[in-house]
Amino acid sequence: MILTVTLNPALDLTYRLGAVRLHASNRVESVRQQAGGKGVNVARVLAALGHPAIVTGLVGGVNGQALRANLARSALRDELVEITAGTRRTVAVADEQDTTVFLEPGPPVEAAEWQRFLAHYRRLLPGASVAVLSGSLPPGLPVDAYRVLVELARAAAVPVVLDAEGEALLSALPAGPAVIKPNAPELTAATGTADPARGAELLRAAGAGAVVASLGPDGLLARTPEGGWRARPPEHLRGNPTGAGDSAVAALALGLETGIPWPERLRHAVALSAATVLDPQAGRFDAAAYHGMLDRVRIEELDPAPRRAEV
C-alpha cells in the first residue's frame, strides 16, 4: 500500500461563483469543504483509481477534527498524529475564468510532537510499498525533515516520491529519493537554470534517482536512469489547476509500485493531471477525460543526458 505523508495538511474550502469582483462584495454560489494538503490529495486520487492509500502527517484543533471527519467519510485510512496547535485552512475562490487560492500558515510543531510522529512513521513503513512525501513544512520542523524521512524509508527498503521545494527539497537529495517532482519555478529556484532538462540533470547529480519536472500546460519532462522524455497533453485545458501536480505524483507513485516503463508512467501522469484541471476541487479528476486522453498524450524521447553534471 502507498503511504502518503502530509506534514502540513489543511482543511480546504472551495468557493464557486460566476465572477470575482476585486475590492467588492461577492456572493458565493456554492461552498465545499474537504481534507486537503498535497499528500491527502494524492491519497484521494489513488483511492479513486482503486488503490487505497494510507494518510499520515500532523493534525490538530477544530480544523483538524473536521479534516479527520472528512477522511472518514471519504473512506481514506487515517493514520494522522495529533498535535496541540490547530490545522490550517486553504481557501480556493473559483469563478468561470480562473481560481485564486489563499494559503494560511501552518501550525507550530513542538520537538516532542515531531519525535512522536517519527516513531509512528517507522511503524507504518513496513506495510508500505512506496512513500509519498509532499508539501510544505510547518513551523517548528527542521529544514532537513524530509531528509530524515527519506533515510528512514530507504532503511526500510521503501522507495520515496518527494514533492517539495527550496531547502526542504535540496536537503533531502543526498538521502536518495527515488523520484522528485518539482514544478518549473521550483526547479529554477533549486538549480539556478531556466532550462528544465539541465535543471533535472543537476538534481539527479545531487542525489535524486529520477526527476520529473511539471511544466504546467506543457506537461512533464523526465530525466531518469533509463532515459529522458517529454510528455505533453493532447490539448490545453482551462479550469482549476489546484491539485493537478498531486495527481501527477499519484500516477508516479503507482508507476514506481508496479514498475511499468517510464513512458507509460508519464502518459498516465499527464492524462491524470490534465483531467484534474477539469474538476473544481483538488484531489478529484474527471475520470472520463482521464481515460479519453491516455492514448492521445504525446511522448517524445529526449537526447541522451550527459554522463555527469556539476552542482
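Up top you'll find the structure we're talking about.
Keep in mind it's a predicted model, so treat the numbers as computed, not measured. (Residues numbered from 1 in each chain as written. Predicted model: local features only at pLDDT ≥ 70, side-chain atom pairs only at ≥ 80, totals over all residues. Heavy atoms only, no water.)

Trainee: Would you take a moment to explain the sheet that holds strand β2 (residues 10–16) for this structure?
Mentor: Sheet strands pair by backbone hydrogen bonding; their relative direction is either parallel or antiparallel. Spatial strand order, β3-β2-β7-β8: four strands in an open sheet with mixed pairing. Each having just a single partner strand, β3 (30–36) and β8 (99–103) make up the two edges of the open sheet. With direction set aside, neighbouring strand axes in the sheet form an average angle of 20°. Here β2 pairs with strand β7 (residues 88–94) via seven bridges, running parallel. Paired with T14 across the two strands is A92, which belongs to β7. The sheet contacts of helix α1 (residues 38–48) involve β2 and β3, and relative to β3 the element is tilted by about 95°. Seen against the sheet, helix α2 (residues 61–73) touches β2, β3 and β7 and runs at an angle of roughly 90° to β3. (Pairing = 2+ DSSP bridges. Helix = DSSP H or I, 4+ residues; strand = E, 2+ residues; numbered from the N terminus. Axes fitted to C-alpha atoms, helices over the stretch in contact; angles between N-to-C directions. Contact = heavy atoms within 4.5 Å.)

Trainee: Explain unusual backbone geometry to me, please; I cannot follow it from the model alone.
Mentor: Note: most residues except glycine have negative phi, and most peptide bonds are trans. Unusually for a residue other than glycine, H23 sits at a positive phi of about 60°. When you line up the elements, H23 lands in the loop between β2 and β3. Phi at A157 is positive, roughly 60°, even though this residue is not glycine. Here A157 lies in the loop between α4 (145–155) and β10 (160–163).

Trainee: So what exactly am I meant to see when it comes to helix α3 (residues 111–124) here?
Mentor: Structural remark: α-helix, 3.6 residues per turn; residues separated by three or four positions point the same way. Given a rise of 1.5 Å per residue, 14 residues ought to cover 20 Å, and the 20 Å separating the end C-alpha atoms of α3 matches this to within 8%. Listed in full, the buried residues belonging to α3 are E113, W114, F117, L118, H120, Y121 and L124. Down the axis, α3 shows its buried residues gathered within 165° of arc, on one side only. Seen from the open side of α3, the exposed residues pointing more than 90 degrees away from its buried face are A111, A112 and R123. Tucked inside the fold, the buried residues of α3 contact β1 (2–6), β4 (53–59), β5 (77–78), β6 (81–82), β9 (130–134) and α4. (Expected span 1.5 Å × (residues − 1). Buried < 20%, exposed > 50% of the residue type's maximum accessible area, 1.4 Å probe, protein only. Arc of directions from axis to C-beta.)

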